[in-house]
Amino acid sequence: MTSPTSPTDSAFLKAARGEPVPHTPVWFMRQAGRSLPEYLRVREGVGMLESCMNPELVVEITLQPVRRYGVDAAIFFSDIVLPLKAVGVDLDIKPGVGPVVENPVRTLADVEAIPDLTPEHVTFITEAVQGLVAELGGTPLIGFAGAPFTVASYLVEGGPSKEHAKTKAMMFGAPDVWDALMRKIAAMSATYLEVQVAAGASAVQLFDSWAGALTPADYRDQVQPHSARVLERAGALGVPRIHFGVGTTNLLGLMGEAGADVVGVDWRTPLADAIPLVGDRGVQGNLDPTLVFAPTEVMTARAAEVIEAGRAAKGHIFNLGHGVIPSTDPDQLKRLTEFVQSYPS
Ligand code: 1CP
């Protein structure tokens, strides 16, 4: 495969803009970190947050999957809670657990105590993105941020949660606190995206991983307007915006209307069903992440079905339906990448 000389001409950005592509572009959520032996080596003895704040390490970890797989886009190595850490929220990312917040947010005073993010809080991000863009050449870099609901869940629960019960209790029972919290996070996520694009990121993805916990009406009334503000500010930067969540079959239309150019679809919804729901937008997805554990020919046959279904969309970016599972065999992801890139477009 020949690499494009500028991200603008890449298959990834063409698909995101709904233009004809030389091949279906492919990248993987959670491609950076977790499953690669070279990642585990450079992370030895270095905490997750510490790695995210070290531009040299960020550049190296972001490049690792690009080198190994030849994917069509890089995803910035960071985390959705980094902006919170940068403004001084007392949190850690614990191995095998995820983000843990020392003093969960419960009251209006708690929300008001969180400073607004400014570019000066995250100069290490600017430095890392600039370094990356210089190294990546024609491969586009995807910047990202957490959507207000998903970030709120970590702040209110104090850590990972299945039910998001305290978060939704605040949403149902304390609308003023909820509104203030969502506005605070929306502004923070938008600034975080602006910093990444100003430093050279070619596209952005807004992760609302846990939005699938909401009914369509609650999503529309209590969450969508806040995500829409983030996407609107990102839209002003002129880069494509991808909006992704898990278990969002009932929300795909609303997530598109929030202001996305491309809607990420998890593996539970066939693309053929998702495409009419997202309207005149591209789709990203959506091979079941466990299929990489199946025999290669089973995996590639299912990947072919995903690509065929994607033809009906305005544009299609191939991905897994959620992140790479840490025990994934990197050789199998390499075979999947080559299969997608060599499949007739
Ligand atoms: O020590 C380690 O290696 C920690 C593992 C790890 C990594 C590599 C975490 C902890 N975050 C990350 C990086 C990360 N997080 C990236 C980098 C690039 C890539 O995807 O390759 C990105 C985009 C994220 C985004 C993120 N963090 C999301 C949204 C995407 C998704 O996966 O749904 C979420 C929900 C988080 C929170 C988080 N951070 C880490 C974990 C284990 C979790 C999830 C915890 C939970 O179950 O709630």
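The preceding data block contains the structure.
All values reported here derive from a predicted model rather than from experimental measurement.

Asks: An account of the overall build of the chain is requested, with residue identities and associated values reported.
Replies: Assigned secondary structure in the chain consists of 15 helices and nine strands. Here the C-alpha atoms of the chain give a radius of gyration of 19 Å, agreeing with the 20 Å that 2.2 N^0.38 yields for 345 residues. Projected onto its principal axes, the C-alpha coordinates of the chain cover approximately 55 × 45 × 35 Å. Scored against the burial criterion, the 345 residues of the chain give a buried share of 57%. By sequence separation, contacts in the chain at least 24 residues apart represent 73% of the contacts at least 6 residues apart. Approximately 13400 Å² of the chain is accessible, and the part contributed by carbon and sulfur atoms is 52%.

Asks: Requested: an account of helix α7 (residues 123-136), with residues and values cited.
Replies: Here α7 contains 14 residues, and its C-alpha end-to-end distance of 20 Å stays within 8% of the 20 Å for a straight helix at 1.5 Å per residue. The set of residues buried in α7 consists of F124, I125, A128, V129, L132 and L136. Angularly, the buried residues of α7 cover 130 degrees about the axis, an arc narrow enough to put them on a single face. The exposed residues of α7 that point more than 90 degrees off its buried face are E127 and A134. On its buried face, α7 sits against α3 (48-52), α4 (55-69), β1 (74-75), α5 (82-86), β4 (141-146) and α10 (175-198).

Asks: Give a description of unusual backbone geometry that names residues and reports values.
Replies: Omega for the bond connecting G285 with N286 falls within 30 degrees of zero, at -5 degrees, which places this linkage in the cis form. Examined against the element boundaries, N286 turns out to sit in strand β8 (residues 282-287). Phi is positive for H164, which is not a glycine, with a value near 55 degrees. Looking at where H164 falls in the secondary structure, it is placed in the loop between α8 (148-157) and α9 (165-173).

Asks: Could you give an account of the pattern of salt bridges, with specific residues and numbers?
Replies: Applying the stated rule across the entire model yields twelve salt bridges. Note that R335 is salt-bridged to D329, the shortest N-O span being 4.0 Å. Relative accessible area serves as the criterion here: at 36%, D329 is assigned to the partly exposed category.

Asks: If you had to explain the nonpolar core to someone new, which residues and values would you point to?
Replies: The biggest cluster of nonpolar side chains holds 122 residues, and the ones touching the most others in it are F76 and L336. Per-element tally for this core: the top contributor is α10, with twelve residues. Not counting the four nearest positions on each side in its chain, F76 is found in contact with V58, T62, I125, A128, V129, L132, L141, I142, F144, Y192 and Q196.

Asks: Explain the site of the ligand to me, and be specific about the residues and the numbers.
Replies: Taken together, 24 residues form the shell around the ligand, and within it R30, Y39, Y154, S209 and H322 come nearest. Taking A32, its main chain carries an N or O atom lying 2.7 Å from an oxygen atom of the ligand. In the environment of the ligand, an oxygen atom lies 2.5 Å from a nitrogen or oxygen atom belonging to the side chain of S209. Protein contact buries 87% of the 880 Å² of open area that the ligand shows by itself. Taken together, the elements giving at least two residues each to the shell around the ligand come down to α2 (37-43) and β3 (98-101). Along the lines of polarity and charge, the residues of the shell around the ligand split into 15 nonpolar, five polar and four charged.

Asks: I'd like a description of the packing of aromatic side chains, backed by residues and values.
Replies: If you walk through the whole model with that rule in mind, you get six aromatic pairs. When the ring of F144 is compared with that of F207, the centres are 5.5 Å apart and the planes differ by 90 degrees; the resulting orientation is edge-to-face. Of this pair, F144 sits in strand β4 while F207 sits in strand β5 (residues 203-207), and the two are 63 residues apart along the sequence. Ring geometry for F207 versus F244: centroids 6.2 Å apart, planes at 85 degrees, classification edge-to-face. Of this pair, F207 sits in strand β5 while F244 is found in strand β6 (residues 241-244), placing the two residues 37 residues apart along the sequence.

Asks: Break down the packing of α4 against α7 for me, with residues and values.
Replies: Following both chains from N to C, one finds α4 and α7 inclined at 40 degrees, their axes separated by 9 Å at the closest point. Put simply, α4 runs oblique to α7. Between α4 and α7 lies a crossing whose hand is right-handed. From α4, P55, V58, V59, T62, L63 and V66 reach across to α7, where they touch F124, E127, A128, G131, L132, E135 and L136. Of the residues that constitute the contact of α4 with α7, the class distribution is nine nonpolar, two polar and two charged.

Asks: I'd love a proper account of the sheet that holds β5, names of residues and values included.
Replies: Strand order in the open sheet formed by seven strands is β1-β4-β5-β6-β7-β8-β9, with parallel pairing between adjacent strands. Two strands bound the open sheet, and with one partner strand each, they are β1 and β9 (316-320). In this sheet, β8 lies alongside strand β7 (residues 262-264) in parallel orientation, the contact comprising three bridges. Looking across to β8, one finds that G264 is bridged to Q284.

Reading guide: rules and limits
As a convention, each chain's residues are numbered from 1 in the sequence order in which they are written. Reporting in this predicted model follows two pLDDT cut-offs: at least 70 for local features of residues, and 80 or more for side-chain atom pairs to be given and counted; totals over whole chains, interfaces and linings ignore these cut-offs and use all residues. Calculation of side-chain values draws on the structure's entire complement of heavy atoms; hydrogens and water are dropped beforehand. Each helix is a run of DSSP H or I of at least 4 residues and each strand a run of E of at least 2, with the numbering of both proceeding from the N terminus. Radius of gyration: C-alpha atoms only; globule rule: 2.2 Å multiplied by the number of residues to the exponent 0.38. Type-normalised accessible area, obtained with a 1.4 Å probe on protein chains alone, sets the label of each residue: buried when under 20%, exposed when over 50%, and partly exposed for intermediate values. Here a residue-residue contact requires only that any non-hydrogen atoms of the pair lie within 4.5 Å. Computed with the Shrake-Rupley method and a 1.4 Å probe, the accessible areas treat only the protein chains shown as cover for residues. By this rule, a helix spans an expected 1.5 Å times one less than how many residues it contains. In this description, one arc is meant: the one made by directions from the helix axis to the C-beta atoms. Here, a salt bridge means any side-chain nitrogen of Lys or Arg that lies within 4 Å of a carboxyl oxygen of Asp or Glu. Definition of nonpolar core: a set of buried residues of the types Ala, Val, Leu, Ile, Met, Phe, Trp, Tyr and Cys, connected through side-chain atoms within 4.5 Å. For each residue, the test is whether any non-hydrogen atom lies within 4 Å of the molecule or strand; if one does, the residue is near. Contacts described as polar in this section are N or O atom pairs within 3.5 Å, which, within protein, must combine one atom able to donate a hydrogen with one able to accept it, while residues neighboring in sequence count only if both atoms come from side chains. Residues are grouped as follows: Ala, Val, Leu, Ile, Met, Phe, Trp, Tyr, Cys and Pro are nonpolar; Asp, Glu, Lys and Arg are charged; every other residue, Gly included, is polar. When the centres of two rings from Phe, Tyr and Trp lie within 6.5 Å, Trp using its six-membered ring, the rings pair. Their planes under 30 degrees apart give stacked, over 60 give edge-to-face, and anything left gives tilted. The axes used here are C-alpha line fits, helices contributing only the stretch in contact, and every angle between their N-to-C directions lies in the interval 0 to 180 degrees. Convention used here: angles under 35 degrees read as roughly parallel, angles over 145 as roughly antiparallel, angles from 65 to 115 as roughly perpendicular, and any remaining angle as oblique. Left-handed describes a crossing in which the near helix is turned anticlockwise from the far one by less than a right angle; the clockwise case is right-handed. We call two strands paired when DSSP finds no fewer than two bridges between them.

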